[in-house]
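Here's the letter readout for the chains.
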Amino acid sequence: MTRTTGAARLSRALRAPEATRGNALPAGAWWLWALGLAAAASRTTNPLLLGLLVGVAGYVVAARRTDAPWARSYGAFLKLGLFVIGVRLLFSVFLGSPVPGTHTLFTLPGLPLPDWAQGVRIGGRVTAEQVVFALYDGAKLAALLICVGAANSLANPARLLKSLPGALYEAGVAVVVAMTFAPNLVADVVRLRTARRLRGRPTGGIGAVLQIGLPVLEGALERSVAVAASMDARGYGRTARVPASVRRTTNALTLGGLLGVCAGTYGLLAAEGAVYGLPLLLAGLVAALAGLRLGGRRTVRTRYRPDRWGARAWLVAGSGAAVAAAMIWAAAADPAALHPGVVPLTAPVLPLWPAAAVLIGLLPAAVAPVPPPASPKDSEEQS
Amino acid sequence: MIRFEQVSVRYEGTDRPTLSGVDLTVPEGELVLLVGPSGVGKSTLLGAVSGLVPHFTGGVLTGRVTVDGRDTRTHKPRELADLVGTVGQDPLAHFVTDTVEDELAYGMESLGLAPGVMRRRVEETLDLLGLAELRDRPIATLSGGQQQRVAIGSVLTPHPKVLVLDEPTSALDPAAAEDVLAVLQRLVHDLGTTVLMAEHRLERVVQYADQVVLLPSPGASPVMGTPADVMAVSPVRPPVVALGRLAGWEPLPLSVRDARRRAAGLRERLARIPLPAPEGPSPSPAPPEPLPAPAAVPPTFLGRLLGRRPHTAPGPLPDGDVTRVEGLGVRRGRVEALRRVSLSVAPGETVALMGRNGAGKSTLLTTLVGMIEPTTGSVLVGGLPPSRTEPRTMARRVGLVPQEPRDLLYADTVAAECAAADSDAGAPAGSCRALVSELLPGVPDDTHPRDLSEGQRLALALALVLTARPPLLLLDEPTRGLDYAAKARLVGVLRRLASKGHAIVLATHDVELTAELAHRVVILADGEVVADGPTRQVVVSSPAFAPQTAKILAPQEWLTVAQVRAALEAPVPGEPTA
């Protein structure tokens, strides 16, 4: 009896609550999860594993996305992924590839090139091996993109800003406002193209694009200026009075720190400077961080309801990290399974343990708060 | 609270100051209404209060503007942010974040308020403006009225002492406008906020104002006084005031309630006059508009040869109606924007489409021009299905002036715009220019369309659309941002077009315009037609859609001041009055 109620209580506690502002997952958790999946995808070219990864990301998106405008970007990223695969195939077919192969599919008329263009080939023999190789390679890139798309549609990118240090926040807002420029531009183009129709002109063609280009840019610029005015009137960029000495120290620390980072990185990469490279890099980083921290004193801004890292956030982020870790380990332990052979063409097999590890990525679909059902009437129309 | 001392503003590249010699004091805790024809510098005056005008827009401001003792010369807009809240004409241009709750908090975050305070104020503001159930919604998915309320809320949370609003109700349907005004009144009464706002739709706001500032003409110094005093001399006035002036009521009434109390005598007198003027549905002798050059005139060019020429021929109207819509349904994604809509419009008829924001008015208009394909049902305009007909052909059957007339304008001079319209429509050169001179007298050929005022731009867009002489003319929210003079001119133009046999369909929130112009009113709600009938029948009984004159003279069915004036003056039985 006690056990059943205990189990019931447990299952109630485990069931994901409905999402509200209060229990929203931090955007960072979603991004960590997605980057974990992406890191896993970057370790394999096995199409079955890649497909599984994309499927996992897609399932979580389908289960947990809202109907906010940014949540609709997943489809666009899927298409982008397919496009990438297509381009990769096309290049491989027309420009050839270094992969040796024996199964000739067809032969394209080759274009003789002069000597100085050695190593470049146009047309010629197309083998099954090279096509398969290109396909695997493209699929890896596509899977990466799709994972990023999943993060983008699950977490509002603007909310990532909330986790920036104070000194960078204002710059971040400016970037976000600038980024809304692009979707607005697209909306304007659509509106003006339909307006062309009203004047009885064809809506397609280069002429149409040229003619509406200027009004579109003008409109976008006007809107940006209006948003800037509104931000200014609402206190964007207010600063606190800071003693001149603090200001000077901030500048010195930031500038010096960045220089240190540059020099340190150069040292690390340049082989002969490896001795002083690392310490310089670390010192530069510390100085830059201190500068940022000190710079934060100038901003008066506070944060409204910052997202909290709770158990669910840790689970979401952790599941992504677990997938990445498992895949990295598997890549080291059994590289053959993750990179199915191309040169003797073999059918890829699904390695059991890595596949099981990928499924850990499904965890957010169970633990993340459920977005409320779509509002019955989404008044997108304005009249 | 707000003091203007000898303020003049002149923008670069203009030959005369936009504002000059403004001396003005707005006391604390008052709702002050700024009125005047378009182009007299209302927005400039409002911008000067928040400091945006010299600091952000450029231009030269002489004199002194102080708000609560802070001089805008030495304080930038961001340093006035805790004192002045500003909402511009377009709420969408105001938003910085993308969800309602973040937007409400944004201003407070900039000011560095403590998290606990912010949380409390956001909750209070959500309740004050009735936004609680929208708190997590992305702003882009809200309706116009909701967006306007969010914009006001977002400047309220820092608890400014002064609120500056530029046309807060122009884009709203009557009900949403009342919501917003009720909120403003509450702020003034309960919190002692000083509100300064400009608004063209005086019939909505004048009764709430404590004082009115009138800018009679560009560069003239403002007149400030009680609403009744200023309305007595104002060139812009709402119907209730116009009726009061006509009837000679002494303290001018400002609200329907005041006017009704005094209207008993007028009602009695009007009761004796036969009946409201003969309601003019369609002047029946109107011929169905000689069809504009159907296929004969089009300029021959290659695409035309391949085009669907046979489609151009079967133009004639099936049974006299210009358009016929039957059982129309339109879906966008999962949203049914229109359901089972049926409508037909006869030549010479003017139909007003009304309904709250998002009821499907714009969708219906865009379906009629063929930009949206009907999901179910049929649409015929001039005998053709608009979504499957070439734009060029369609433009001769139906013309739409969109909500934002500047969308139609691409060229950089009025003359170039006209030439383009002539060649688009295949009309003889100069026919557009003739229309422009008729609708918009006194605009030189080399004016840039963007330099025109709101009303002039509308007239230009109308002329461009009319160049193809479409028998059916559609206008989407044509009076937004127009002052009374521009509106009267528009009414005149549309009347003339209707009498020439053009059928006109307007989507509008403006009940006064509907009363003045429409023969028939169609009310849409949630994508369905809920009322369709002669204006008088539909409008008089509805509290939201009745014009002020109808409300004042209630049991009798007079719709406009002009009707009353005509009735009082023309027939001799009564005695003439002032």
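On a predicted model such as this, the values are computed, not experimentally measured, just so you know. (Residues numbered from 1 in each chain as written. Chains lettered and ligands numbered in written order. Predicted model: local features only at pLDDT ≥ 70, side-chain atom pairs only at ≥ 80, totals over all residues. Heavy atoms only, no water.)

What to know about the overall build of chain A
(1) Moving on: From N to C terminus, chain A includes 14 helices and two strands.
(2) Moving on: Against the 2.2 N^0.38 benchmark of 21 Å for 383 residues, chain A shows a C-alpha radius of gyration of 26 Å, more extended than a compact globule.
(3) Moving on: With respect to the three principal axes, the spread of C-alpha positions in chain A is 75 × 75 × 65 Å.
(4) Moving on: For chain A, with 383 residues in total, the buried portion stands at 39%.
(5) Moving on: Residue pairs in contact within chain A that sit at least 24 positions apart in sequence constitute 79% of those at least 6 positions apart.
(6) Moving on: With an accessible surface of roughly 20,600 Å², chain A has 71% of that area assigned to carbon and sulfur atoms.
(7) Moving on: Within chain A, one finds 37 positive and 16 negative side-chain charges whose respective centroids are separated by 9 Å. (Helix = DSSP H or I, 4+ residues; strand = E, 2+ residues; numbered from the N terminus. Rg over C-alpha atoms; globule rule 2.2 N^0.38 Å. Buried < 20%, exposed > 50% of the residue type's maximum accessible area, 1.4 Å probe, protein only. Contact = heavy atoms within 4.5 Å. Areas by Shrake-Rupley, 256 points an atom, 1.4 Å probe, with all protein chains shown as cover. Lys, Arg positive; Asp, Glu negative; His and termini not counted. Charge placed at Lys NZ, Arg CZ, Asp CG, Glu CD.)

Some remarks on the sheet that holds strand β5 (residues 70-71) of chain B
Residues and elements named next belong to chain B.
(1) Moving on: Across the sheet, which stays open at both edges, the four strands sit in the order β2-β1-β4-β5 with antiparallel pairing between neighbours. Each edge of the sheet is formed by a strand with only one pairing partner; in this case those strands are β2 (19-26) and β5.
(2) Moving on: As paired strands, strand β1 (residues 2-10) and strand β4 (residues 60-67) are joined by seven bridges and run antiparallel to one another. Counted as the bridge partner of R10 is V60 from β4.
(3) Moving on: Running over the sheet, helix α1 (residues 42-50) touches β1, β2 and β4 and is turned about 125 degrees from β1. (Pairing = 2+ DSSP bridges. Axes fitted to C-alpha atoms, helices over the stretch in contact; angles between N-to-C directions.)

Structural notes on helix α17 (residues 431-439) of chain B
All names here are of chain B.
(1) Moving on: Among the residues of α17, those classed as buried are C432, L435, V436 and L439. Buried positions in α17, seen along its axis, are confined to an arc of 100 degrees and lie on one side of it.
(2) Moving on: Packed against the buried residues of α17 are α16 (414-425), α18 (454-466) and α19 (484-499). (Arc of directions from axis to C-beta.)

Some remarks on the domain arrangement of chain A
Residues and elements named next belong to chain A.
(1) Moving on: Once the domains are mapped, chain A shows domain 1 (26-239 + 314-368) and domain 2 (242-298).
(2) Moving on: One C-alpha centre belongs to domain 1, the other to domain 2, and the line joining them spans 33 Å.
(3) Moving on: Domain 1 puts four residues into the contact, and the matching count from domain 2 is four residues.
(4) Moving on: Between domain 1 and domain 2, roughly 320 Å² of surface is buried when both sides are summed, and carbon and sulfur atoms account for 72% of that area.
(5) Moving on: Area buried by domain 1 at its contact with domain 2 is led by A167, L168 and T239, which between them contribute 83% of it.
(6) Moving on: Joining domain 1 to domain 2, the criterion identifies zero salt bridges.
(7) Moving on: Connecting domain 1 to domain 2 are zero residue pairs in polar contact (both at pLDDT 80 or more). (Domains from an automatic or database assignment. Buried area = accessible area lost by both parts, 1.4 Å probe. Salt bridge = Lys/Arg side-chain N within 4 Å of Asp/Glu carboxyl O. Polar contact = N/O pair within 3.5 Å; in protein donor to acceptor, adjacent residues only side chain to side chain.)

A few points about the packing of helix α3 (residues 47-64) of chain A against helix α13 (residues 352-359) of chain A
Residues and elements named next belong to chain A.
(1) Moving on: Packing of α3 against α13 brings their axes to within 9 Å, and their N-to-C directions diverge by 15 degrees. Our classification of the angle between α3 and α13 gives roughly parallel. By crossing handedness, the relation of α3 to α13 is classed as right-handed. Between α3 and α13, the contacting residues are L49, L52, L53 and V56 on the first element and P354, A355, V358 and L359 on the second.
(2) Moving on: Grouping the constituent residues of the contact of α3 with α13 by class yields eight nonpolar, no polar and no charged. (Parallel < 35°, antiparallel > 145°, perpendicular 65-115°, else oblique. Left-handed = near helix turned anticlockwise from the far one by under 90°. Nonpolar A, V, L, I, M, F, W, Y, C, P; charged D, E, K, R; others polar.)

Some remarks on unusual backbone geometry
Excluding glycine, a negative phi dihedral is what most residues carry, and trans is how most peptide bonds are arranged.
Residues and elements named next belong to chain B.
(1) Moving on: Even without being a glycine, Q6 presents a positive backbone phi close to 50 degrees.
(2) Moving on: Secondary-structure assignment places Q6 in strand β1.
(3) Moving on: Positive phi outside glycine occurs at R469, with the angle close to 45 degrees.
(4) Moving on: Classification of R469 as partly exposed rests on a relative accessible area of 43%.

Observations concerning the UniProt feature "domain: ABC transporter" (unreviewed entry) in chain B
(1) Moving on: This chain's UniProt record puts "domain: ABC transporter" (unreviewed entry) on residues 2-243 and 317-551 of chain B.
(2) Moving on: For residues 2-243 of chain B, the end-to-end C-alpha separation is 34 Å, with 36% helix and 22% strand making up the annotated structure. (UniProt positions renumbered as here; feature names shortened; annotations may be inferred.)

Section: the UniProt feature "transmembrane region" (unreviewed entry) in chain A
(1) Moving on: In this numbering, the UniProt entry assigns the feature "transmembrane region" (unreviewed entry) to residues 21-41, 47-64, 76-95, 167-190, 251-269, 275-292, 313-332 and 352-370 of chain A.
(2) Moving on: With 100% helix and 0% strand, residues 76-95 of chain A has end C-alpha atoms that lie 28 Å from one another.

Description of the pattern of salt bridges
(1) Moving on: Scanning the model with the defined rule gives 29 salt bridges over all chains in all.
(2) Moving on: In this structure, E404 of chain B and R406 of chain B form a salt bridge, with 3.8 Å as the shortest nitrogen-oxygen distance.
(3) Moving on: Overlapping salt bridges, with partners in common, bring together R305 of chain A together with E101, R119, E123 and R135 of chain B in one network.

Some thoughts on the packing of α3 of chain A against helix α5 (residues 128-154) of chain A
Residues and elements named next belong to chain A.
(1) Moving on: Axis separation between α3 and α5 bottoms out at 10 Å; the angle between their running directions is 15 degrees. Classified by the interaxial angle, the pair formed by α3 and α5 is roughly parallel. Every pair of crossing elements has a handedness; the one defined by α3 and α5 is left-handed. Contact residues: P47, L50, V54, A57, V60, V61 and R64 in α3; Y136, A139, K140, A143, I146, A150, S153 and L154 in α5.
(2) Moving on: Looking at the contact of α3 with α5 residue by residue, the class counts come to twelve nonpolar, one polar and two charged.

Focus on the interface of chain A and chain B
Think of interface size as the accessible area that goes away when the parts come together; that is how it is often given.
(1) Moving on: Counting from both sides, the interface comprises 54 residues of chain A and, opposite them, 76 residues of chain B.
(2) Moving on: Counting the surface lost from both chain A and chain B, the interface buries some 5,700 Å², and carbon and sulfur atoms represent 50% of this.
(3) Moving on: The interface formed by chain A and chain B holds five salt bridges in total.
(4) Moving on: For D232 of chain A, the salt bridge is made with R78 of chain B, and the minimal N-O distance between the two is 3.2 Å.
(5) Moving on: Here chain A is connected to chain B by twelve residue pairs in polar contact (both at pLDDT 80 or more).
(6) Moving on: Those elements that place two or more of their residues in the side of chain A that touches chain B are α7 (166-198) and α8 (205-233) of chain A.
(7) Moving on: If you tally residues by element for the side of chain A that touches chain B, the top one is α8 of chain A, at 14 residues.
(8) Moving on: When grouped by side-chain class, the residues that make up the side of chain A that touches chain B number 23 nonpolar, 13 polar and 18 charged.

Things to note about the confidence of the model for chain B
Residue and element names in this part refer to chain B.
(1) Moving on: Per-chain confidence: chain B averages 82 in pLDDT, with 90% of residues scoring 70 or above.
(2) Moving on: Between residues 281-318, whose pLDDT stays under 50, and residues either more than four places distant or in other chains, the model counts 52 contacts.
(3) Moving on: Within the model, the stretch residues 574-578 combines pLDDT values under 50 with four contacts to residues more than four positions away or in other chains.
(4) Moving on: Among the scores for the predicted complex, ipTM is 0.76 and pTM is 0.77. (pLDDT = per-residue confidence, 0-100.)

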